[in-house]
Each structure stands twice: as C-alpha cells, then as structure tokens.
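Structural features, examined
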Amino acid sequence: MAPRPELGSDPAVSPPDLDGKDTKVTESKDTLVLPAYSTVALVDPEPEIDPWQLPELQDSGPKWSELDTKGKICRVLTSVAKGCLLLGFLYMFVCSLDILSSAFQLVGGKAAGDIFQDNVVLSNPVAGLVIGVLVTVLVQSSSTSSSIVVSMVSSGLLEVRSAVPVIMGANIGTSVTNTIVAVMQAGDRNEFRRAFAGATVHDFFNWLSVLVLLPLEVATGVLYKLTKLLIDSFHIQTGQDAPDLLKVITEPLTKNIIALDSSVISDIAIGDPSARNKSLIKTWCKKETVTSLVNVTVPGVANCTIGAPCWEMDNQTWTQQNVTETINIAKCTHLFVSTDLPDLAVGLILLALSLLVLCTCLILIVKLLNSMLKGQVAVVIKKVLNTDFPFPFAWVTGYLAILVGAGMTFIVQSSSVFTSAITPLVGIGVISIERAYPLTLGSNIGTTTTAILAAMASPGETLANSLQISLCHFFFNIFGILLWYPIPITRVPIRLAKALGDRTAKYRWFAIVYLILCFFILPLLVLGLSIAGWQVLVGVGVPIVILMVFVVVVNIMQARCPRFLPPMLRSWDFLPRPLHSLKPWDRMVTSIMGFCGAHCCCCCKCCKKGEAGGMTEDGAETKKGLEMYDNPALCVEDEKIQTVSGTHL
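Quick look at the overall build of the chain
Looking only at helices and strands, the chain features 21 helices and seven strands. Within the span of the chain, comprising 649 residues, buried residues form 39% of the whole. Contacts in the chain between residues far apart in sequence, at least 24 positions, make up 72% of those at least 6 positions apart. For the chain, the accessible area works out to roughly 36,700 Å², and carbon and sulfur atoms hold 64% of it.

Next up, the structure:
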C-alpha cells in the first residue's frame, strides 16, 4: 500500500484522525474542510439504463425559429440532398442483395441441385428440413428453393407430403440475410444489440414454429390434408404470373452486372444429365421457340405419328413429327457474358463485391438516418411507428403491423429485402423490437402470397401440386403466428432475441459463431446423420435433445425456484468454466485477435506504442491514482488527472 501523505504537507487539506479521537474541524486561511467519515458515501452509483430503451435522437443544431432566411434555405436544401442520398444508398443496398443472391447461386447452386437429387434422404422429414435450410442459404432465396421443390413435385420425383418439411426449411434459411446485415452494425454495442435482436427474432420464430409444427405434420399430416381439401374444394384456373415490381426498379442495374439461368439448378435437381455441364451464367437473353413438322425416320410403321403421313424409302420408314427448336436472337449485355472463368470464380468475385457494397451502403444509410432523424422529425416518426392505438384497441396495432409487413413484402417481392431494410432502423432505435416482430411476421405471410400467385401461373398439369405446396408454406406461417403472437406471454421469440442480443453485445464474436452454427454446421451435421440412416440419427440426436431439454429446465429452475434443485445443480460452478461461461473463450478470441493485430497491422503497433508512452489522443498524460486516502473503492484508472490530492500509485 502506498504511504499516506504526511501531516502538514498540504495546508489546504488535512486527513482525519483514523482512530476517531480527533473530530475537530481543521481551518485554514481560505478553506474550511470537513472530515470525511465515510468515503463510500462519496461514490455515486450510476443509474441503471435499460439498453432496450429507444434512444432519444436529440437535435444539436439551432431550432428552425432561430434560423434566418439563408439558414432555412440551407437546411431545406441539405434535407433534400440527404433524402436523395438516402434513396440512392437504399437502391444500391437492394441491388447488392440481388447480386449477393446471384453470387450464392453461382457458388453453390449446382451443389444445391445435387442435394435435392437424393430422394431417399428427402423422404426423411428431418433431413428434408435441413436440406431446405442449406439450399436456401446457398442460393440466398426462398423463392428459388421453393421453385426447385415445385419442379420436382411437378415432375413426379417428390411427393407433396415429403416436400412440406423442405418448405419449412426454406422458411428458416431465408432469415440468414438480415442476420448478416445485423452483423455489419457491430461497431456500436447498443446499436448491435438492438439490430441483432431485431434480426434474430425472425430466426427464433421460424425455429420454434418448426419445433412444434414439424412433429405435428409428421404425426397427423395436418398441413397436407388441409391444403389438399382446399385444392379439391375450389376449381382454380391458371392465372397470371405474380407482379414483379422490385425487378422493374433493380433490373436496369443488375442485368448489366450478371444474369443467371436458374432453370439449370432445377434441371440438375430433376436428374437431367445435360444440365450438369451447363453454366448458370446466361449468354442469350432473348430466345424464340419454333415448332415445325420435320421428316424423321422411325423403326417401323407402328411407330409412325398418328394422323401424319408415313412412307417407306430406301428400306427406311419415314414419318413427320413436330420438332421444337430454340433460336437465339439477342445476346445478354452483362459484364460476364463472354468470360472464360468458371461459375465458382465469378461467384466469389461477385460475393466479395456485393458484400463490400452492402456494408458500405449500410454504414452510410445508418449515418444518414442518424443525422436526419433528430428533433421533431424523430419524435413524429417514433410516435407513428411505435405508439399503440388508445385503449381498448391497443391490441389492433400489432395486427395492423402484420398487414403492413405483408403488404410491403408483396410490393418488393422479397422478405429478405424487407427484413434487411428494417434491421438498421431497429439498430438506431427508430423501430422497437416489439414493433419489428409483427412486421417480420407479416413479411413471412407476404412472401407466401407472392408464391401462391406464382404457383397459379403454372401450367394446368402442374397447377394443383404447385398451389398445394405454396398453400402449405402459407398455412405454416399462419399457424406459427397463432402459436407465438396473439397472447403476449407466448411471444417467446422476443425474449429469446433480447437474451441473444445482450450476449452478442457483450461478446461480439459470438454473432459469427451463431451464424455459422445455426445455418451451416448444425444443418450439415443433421444431414450427415440422416444420410447414415435413421437409426444413427435417432441414436445420436435423441440423447442430445434430452440433454438440451434438461439444461433448459435446470436453467429456468435456477432462476425461479432453486430451492427445488439439489445443491450441486443450483449453479453450474461444478463444471469446467469453459462449459458454462463465455469469458474463457472471449479471452482466447481476444488474444488471437490481438496477436493478429500486432503482427498484421502496422496501425495497431503504432497504437500500442502510444499507449505504452502513457499518452492519450490529445496528448494528456494518463495515470492511475488512489483518491481519498487509499480507499480501494475510489480507485480511478485511465483518467486524466491534472492535480491529485492523494498519493499516486
């Protein structure tokens, strides 16, 4: 312990008698200092701040009434310019999501088709579920994976009952995009907490719905029977294709970067051997199909076309048949139309560029929103988005948000685009997670309605199966909403997302672990066990599920009623620390990142030298000191100390 200052060393300050005998007031010429009986009382505890409370976006500039004419004109022009920039960055953000989907299809599209080829594995509902997750993650589009399933059902390779788990998996896989977008906001802890929770509430809703509805579907076939009854009850005619409003806006840019032929993936899935050697990169954008009668040879008269002439010439039997020929008219104009690079190389190039544009646009959008949503504008927007209707109609607000989410998703034709667009708004505090939850549920419904319209555009022979699968997707989301929304106590996804948001805000690397674990490692592990056989899947999976249920139950009892647990199970301290805490893992990750930074980044080395010299950014000296006579409760570290009355450490 550092020695106490000697008496009389400072005429203005005198330490109190530590034995309690001297209680006189020490008086000097200028100052009267009272004795400090308890230094603990001098420590002001910081008030606890709810991290989930929406921040107040204060306006730091002058008020509108305080501006002169020139200032008002400048503010209006600045606001208009910021609005135009925001729309431009939002457009680039949506286009980068489209290019990201194309890049994933180039990298893993053929692999996705190969995964769908194994019909024996698809007959296992658990395997079908994880295949739906993996394929949707690979192609970054639930619409693409759903269309593959529809084509397989239409061709007779897959039954509708076996396709239902795959559709459930596609519903889970489509939520990976907004989770990736949330990871891009890891710079600020509070923003990251809200953004990651706002994104993963979609994940938890899908996973919890599958945990309930998949066993129910396997046991009773409720979705299959309900949709079959609807299809048989209504005489549905083939309709027009679903409106594609977003493509009209984004295609002028994206079609000049890349254009893909998604039918190649469907052809691989249905077993067409010629499709394996085709490239996904589209070369001819305008084609024409011509059907004409052509003279062909047949083995015999019995093989002649009915109603067509049949004759023999030079010991051969001839007849006429309709032959369909595709004529290439116009070549595509995108950047990779004449490239010699393989699909994988082009996909990796586009993946890197799209992620770069996505991150840049997201950062700039957040910065612009933070600068625009201040003062009265922020108050109005937050009130409109987060205020409930007056009593007794407050419950209507959430269902109205579901309708808004469904309508917006129907307009943009993509649930990934809509949920990815509201994720940064949740992060900066414009939309609360309680309001983002019903918007996300509506987005799930909106993406199924577009699939229903697309299915109604199918040919007559495949209309029933296509529409039944789309209706299965629709009712899966409806049943999920009935399970996890109407009663406030059942809104478990919000509580789980907040818990995960708190964890990832404290350990930001855990977000990457969650992303890789839930959307890649876990589905691949279950798929591998399914390929090995259902006996292996049950033998390995059932003990793991029992262990997870046991851990969840014990955690709940530890928090609410620990007295009913054995003394050993009232805490997890009997286990090795890495098994019940992330702190050891955090130290390891931090040390690895520090090692990489020290050896790979010159900037980090310069920063370390500056810290070693004890200098801050403004050149002030930093010291560690004890105030109020060595009281450890008042230890001040890493603060700028100009004058210190106590003894320095």
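Here we look at helix α14 (residues 415-428)
One turn of the α-helix equals 3.6 residues, which is why residues spaced by three or four share an orientation. Over its 14 residues, α14 extends 21 Å from the first C-alpha to the last, a length consistent with the 20 Å expected when each residue adds 1.5 Å. Judged by how many residues are buried, α14 sits mostly within the fold: 13 of 14 residues are covered. At the C-terminal side of α14, glycine 429 shows a positive phi close to 95 degrees.

Section: the nonpolar core
With 49 residues, the main nonpolar core has Met168, Phe196, Tyr437 and Phe519 as its most contacted residues. Tallying contributions element by element places helix α7 (residues 189-220) first for this core, with 12 residues. Not counting residues within four places of it along the chain, the set of residues in contact with methionine 168 comprises Leu129, Val210, Leu213, Leu214, Glu217, Leu223 and Phe476. Ranked by size, the runner-up nonpolar core spans 41 residues in total, among them Leu122, Val153, Leu158 and Val264.

Some points on the sheet that holds strand β3 (residues 284-298)
Within the open sheet, the three strands sit side by side as β3-β5-β4. Their pairing is antiparallel. Each edge of the open sheet carries a strand with a single partner, namely β3 and β4 (310-313). Looking at each pair of strands side by side, their axes are set apart by 45 degrees on average, direction ignored. As judged from the four bridges shared by β4 and strand β5 (residues 316-331), these two strands associate in the antiparallel manner. Along β5, the bridge assignment pairs glutamate 312 with threonine 317.

Examining the side chain of serine 443
On the secondary structure map, serine 443 appears in helix α15 (residues 433-456). Assessed through its relative accessible area of 0%, serine 443 is described here as buried. Those residues in contact with serine 443 that sit more than four places away from it in its chain are Gly405, Ala406, Thr409, Ser415, Phe418 and Thr419.

Some thoughts on a positive patch on the surface
A contiguous patch of positive charge on the surface is contributed by Arg503, Lys506, Arg577, Lys583 and Arg587. Going through the elements one at a time, α17 (492-506) and α20 (583-600) are the ones with two or more residues in the positive patch. Within the secondary structure layout, lysine 583 lies in helix α20. The exposure class of lysine 583 is partly exposed, given its relative accessible area of 38%.

What to know about helix α5 (residues 160-173)
With 14 residues, α5 extends 20 Å from end C-alpha to end C-alpha; this agrees with the ideal 20 Å at 1.5 Å per step. With respect to burial, α5 is a largely interior element, 13 of its 14 residues being buried.

Some remarks on the packing of aromatic side chains
This structure, assessed with the given rule, holds 10 aromatic pairs. Their ring planes at 80 degrees and their centres at 5.3 Å tell us that phenylalanine 474 and phenylalanine 475 sit as a pair that is edge-to-face. Plain terms: the ring middles of tryptophan 509 and phenylalanine 510 are 6.2 Å apart, the flat faces sit at 80 degrees to each other, and that makes the pair edge-to-face. The exposure class assigned to tryptophan 509 is buried, which follows from its relative accessible area of 19%. Among the aromatic side chains, those forming a connected cluster through ring pairs are Trp395, Tyr399, Tyr437 and Tyr485. In this structure, arginine 491 packs its charged tip against the face of tyrosine 485, placed 4.1 Å from the ring centre.

Overview of the pattern of salt bridges
In the structure shown here, the tally under the stated rule is two salt bridges. With its nearest N and O atoms 2.9 Å apart, the salt bridge here joins aspartate 502 to arginine 193. Here aspartate 502, found in helix α17, pairs with arginine 193, found in helix α7; they are 309 residues apart in sequence, far enough to count as distant. Owing to a relative accessible area of 13%, arginine 193 belongs among the buried residues under this scheme. Of the charged contacts, one joins glutamate 434 and lysine 498 as a salt bridge, the two residues approaching to 2.7 Å between their closest N and O atoms. A residue pair is termed long-range when its members are at least 10 positions apart, and glutamate 434 in helix α15 and lysine 498 in helix α17 qualify at 64 residues.

Considering the confidence of the model for the chain
Confidence in the prediction for the chain averages 76 pLDDT; 76% of positions are at 70 or higher. Across residues 603-649, where pLDDT falls below 50, the model places 59 contacts with residues more than four positions away in sequence or in other chains.

Some remarks on the pairing of β5
Pairing of β3 with β5, which is carried by 14 bridges, proceeds in the antiparallel orientation. Residue pairing for β5: serine 292 is matched across the bridge by valine 323.

Considerations on the environment of valine 164
With respect to the secondary-structure elements, valine 164 resides in helix α5. A relative accessible area of 3% places valine 164 in the buried class. Once residues lying within four places of it in the same chain are set aside, the contact partners of valine 164 are Glu217, Leu223 and Cys472.

Here's the deal with the environment of threonine 339
Tracing the backbone through its elements, the reader meets threonine 339 in the loop between β5 and α11 (343-372). Counting along the chain gives 56 residues from threonine 339 to threonine 283, while the straight-line C-alpha distance between them is 10.0 Å. Within polar-contact distance, the side chain of threonine 339 engages the backbone nitrogen of leucine 341 at 3.1 Å.

Focus: the packing of α17 against helix α18 (residues 510-532)
How two helices sit against one another is set out by the angle between their axes and by the gap between those axes. Direction vectors running N to C along α17 and α18 enclose 130 degrees, while the axes themselves pass 8 Å from each other. As summarised for this structure, α17 and α18 are arranged oblique, according to the angle between their axes. In contact with Leu500, Arg503 and Thr504 of α17, α18 contributes Phe510, Ala511 and Tyr514. Each residue belonging to the contact of α17 with α18 can be placed in one class, and the counts come to four nonpolar, one polar and one charged.

Rules of the game
- Along each chain, numbering runs from 1 in the same order as the chain's sequence is written.
- Confidence filtering applies because this is a predicted model: local features only for residues at pLDDT of at least 70, side-chain atom pairs given and counted only at 80 or more, and all residues used for totals across whole chains, interfaces and linings.
- To get the side-chain values, take all heavy atoms of the structure and skip hydrogens and water.
- Helix numbers and strand numbers start at the N terminus; a helix is a DSSP run of H or I with at least 4 residues, a strand a run of E with at least 2.
- Whether a residue is buried, partly exposed or exposed follows from its accessible area with a 1.4 Å probe, protein chains only, as a fraction of its type maximum: under 20%, in between, or over 50%, in that order.
- Only heavy atoms enter the contact rule, under which two residues are in contact if any of them lie within 4.5 Å.
- A 1.4 Å probe and the Shrake-Rupley method give the accessible areas. Residues count as covered only by the protein chains that appear here.
- What a helix should span is 1.5 Å times the count of its residues minus one.
- Residues enter a nonpolar core if they are buried and are Ala, Val, Leu, Ile, Met, Phe, Trp, Tyr or Cys, with the set joined through side-chain atoms within 4.5 Å.
- Paired strands are those between which DSSP finds at least two bridges.
- Helix axes are fitted to C-alpha atoms over the stretch in contact, other axes to C-alpha atoms as well, and angles between N-to-C directions run from 0 to 180 degrees.
- Surface patches are defined over residues having more than 30% relative accessible area and no salt bridge, joining like charges when they lie within 9 Å and nonpolar side chains (Val, Leu, Ile, Met, Phe, Trp, Tyr) when within 5 Å.
- A carboxyl oxygen of Asp or Glu within 4 Å of a side-chain nitrogen of Lys or Arg is what we treat as a salt bridge.
- This count recognises Lys and Arg as positive and Asp and Glu as negative, with His and chain-terminal groups excluded.
- Charge positions come from single atoms, namely NZ of Lys, CZ of Arg, CG of Asp or CD of Glu.
- Aromatic pairs are defined between Phe, Tyr and Trp rings, using the six-membered ring for Trp, whenever the two ring centres lie within 6.5 Å; interplanar angles under 30 degrees are classed as stacked, those over 60 as edge-to-face, and all others as tilted.
- A ring is considered to have a charge above it if a Lys NZ or an Arg CZ atom is located within 6 Å of its centre and within 35 degrees of its normal.
- Looking at any residue, its pLDDT shows the predictor's confidence there, from 0 to 100.
- What qualifies as a polar contact is a pair of N or O atoms within 3.5 Å, subject to a donor-acceptor requirement within protein and to the restriction that residues adjacent in sequence count only when both atoms come from side chains.
- The cut-offs work like this: below 35 degrees is roughly parallel, past 145 is roughly antiparallel, 65 to 115 is roughly perpendicular, and the gaps in between are oblique.
- Polarity classes work like this: nonpolar for Ala, Val, Leu, Ile, Met, Phe, Trp, Tyr, Cys and Pro, charged for Asp, Glu, Lys and Arg, and polar for all others, with Gly in that last group.

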